[in-house]
Amino acid sequence: AQAPANMPPYTPPKLANGQPDISGIWQVLDTAAWDLQDHGASLGVPAGRGVVVDNEIPYKPEALAKKRENEVNRATRDPESKCYLSGVPRITFMPFPFQIVQQADKVNILYEYNHTIRQIYMNGNPHPPGHIDWWMGDSRGRWDGDTLVVDNVHFNNETWFDRAGNFHSEQLHLVERFTPLGPDTVEWAVTFEDPHTWAKPWTFAMNLTQDASQPPFEYACHEGNYGLRNMLTAAQAEEAATAKAGT
């Protein structure tokens, strides 16, 4: 998404330190959490347009076979069903709000989903050396004009990108670009690289929408809903025992 050609570029307000102000409560309002690419409706899945540029993720043949296998078995294989951290970038387009809080040396993102907190370091330090298996990776940001550019590495291979089985390896490298388009809209574009999984880099883009009336709330994840089922079973047994004792 871009501003219309006949409109001047949007200039966001600035913080006291001169950085563009993108703080606030945001949410992605599309169906990328179900499938990054074009998809029709099915049980539990709303139809939606894809967010991938040219609608193509350039999987290598063996990786494409795994993606298709993931999709068939998504009910049990999707890390979301196990209440794991969603990873980057999936956590941002889960259908829940999140809050951006800016500091001089970091940008903090507080997500409703799974109480996830992400820190983007803005102090100019490089990524720590070596490969480190982190669910959320390591994020290092800088300002390019009014665009926040974030470089991300050090991921494990345990997260997916959506419920359609799109996945990655530990070699994942992401570059995010957050560009304010208006007071309530930020374009968020992400370029993906993973030579183990894809034949070439690829990109998606979507908008973040600001809505202060929908703040993040308390969130509880029940893995496979087994915890909830067990709580209900125990409560029902207690009610039955109480009723029996009263008769």
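Think of each chain on its own: its residues are numbered from 1, step by step along the sequence as written. The predicted origin of the model limits local features to residues at a pLDDT of at least 70 and limits the giving and counting of side-chain atom pairs to 80 or more, whereas totals for whole chains, interfaces and linings rest on all residues. Hydrogens are left out, water is left out, and the side-chain values use all remaining heavy atoms of the structure.

Caption draft 1: Representation of the overall build of the chain in the model. Assigned secondary structure in the chain consists of 4 helices and 9 strands. The way it works is that DSSP assigns letters per residue, a run of H or I at least four long becomes a helix, a run of E at least two long becomes a strand, and they are numbered from the N terminus. Written out in order from the N terminus, the α and β elements of the chain read β-α-α-α-β-β-β-β-β-β-β-β-α. The C-alpha extent of the chain, read off along each of the three principal axes, is 75 × 45 × 40 Å. Put simply, the chain has 247 residues, and 41% of those count as buried. Categorising residues by exposure relies on relative accessible area from a 1.4 Å probe, with only protein chains included: less than 20% of the type maximum marks a residue as buried, more than 50% marks it as exposed, and the intermediate range marks it as partly exposed.

Caption draft 2: Representation of helix α1 (residues 61–72) within the structure. In a helix, the anticipated span is given by 1.5 Å times the number of residues less one. Taking 1.5 Å per residue as the helical rise, α1 with its 12 residues ought to reach 16 Å, and the 17 Å between its terminal C-alpha atoms agrees with that figure. Looking only at α1, the buried set comprises A63, K67 and N70. Along α1, the residues classed as buried sweep out an arc of 60° about the axis, all on the same side. Exposed and facing more than 90 degrees away from the buried side of α1 are P61, E62, R68 and V72. Throughout, the arc means that of the directions going from the helix axis to the C-beta atoms.

Caption draft 3: Representation of the state of the cysteines within the structure. In this description, the term disulfide denotes a pair of cysteine sulfurs within 2.5 Å. For the structure on display, the rule yields 1 disulfide. Here C83 engages in a disulfide with C221; their sulfurs sit 2.0 Å apart. The sign of the -85° torsion about the S-S bond sets the C83-C221 disulfide as left-handed. Linking C83 in the loop between α2 (74–77) and α3 (90–93) with C221 in the loop between β9 (202–210) and α4 (226–246), this pair joins segments that are 138 residues apart in sequence.

Caption draft 4: Structural detail: the environment of A245. Turning to its location among the elements, A245 is positioned in helix α4. With a relative accessible area of 67%, A245 lands in the exposed category. A C-alpha to C-alpha distance of 41 Å links A245 and A75, two positions 170 residues apart in sequence.

Caption draft 5: Summary view of the nonpolar core. Ranked by size, the top nonpolar core spans 46 residues in total, and within it L36, F93, F192, W202 and F204 carry the most contacts. Elements with a minimum of two residues in this core: β1 (24–28), α3, β2 (98–102), β3 (106–111), β6 (147–153), β7 (173–182), β8 (185–193) and β9. Here, residues are in contact when the closest pair of their heavy atoms is within 4.5 Å. Setting aside residues no more than four positions away along its own chain, F93 makes contact with V28, A32, A33, L36, F161, W188, F204 and M206. To qualify as a nonpolar core, a set must consist of buried Ala, Val, Leu, Ile, Met, Phe, Trp, Tyr and Cys residues joined through side-chain atoms within 4.5 Å.

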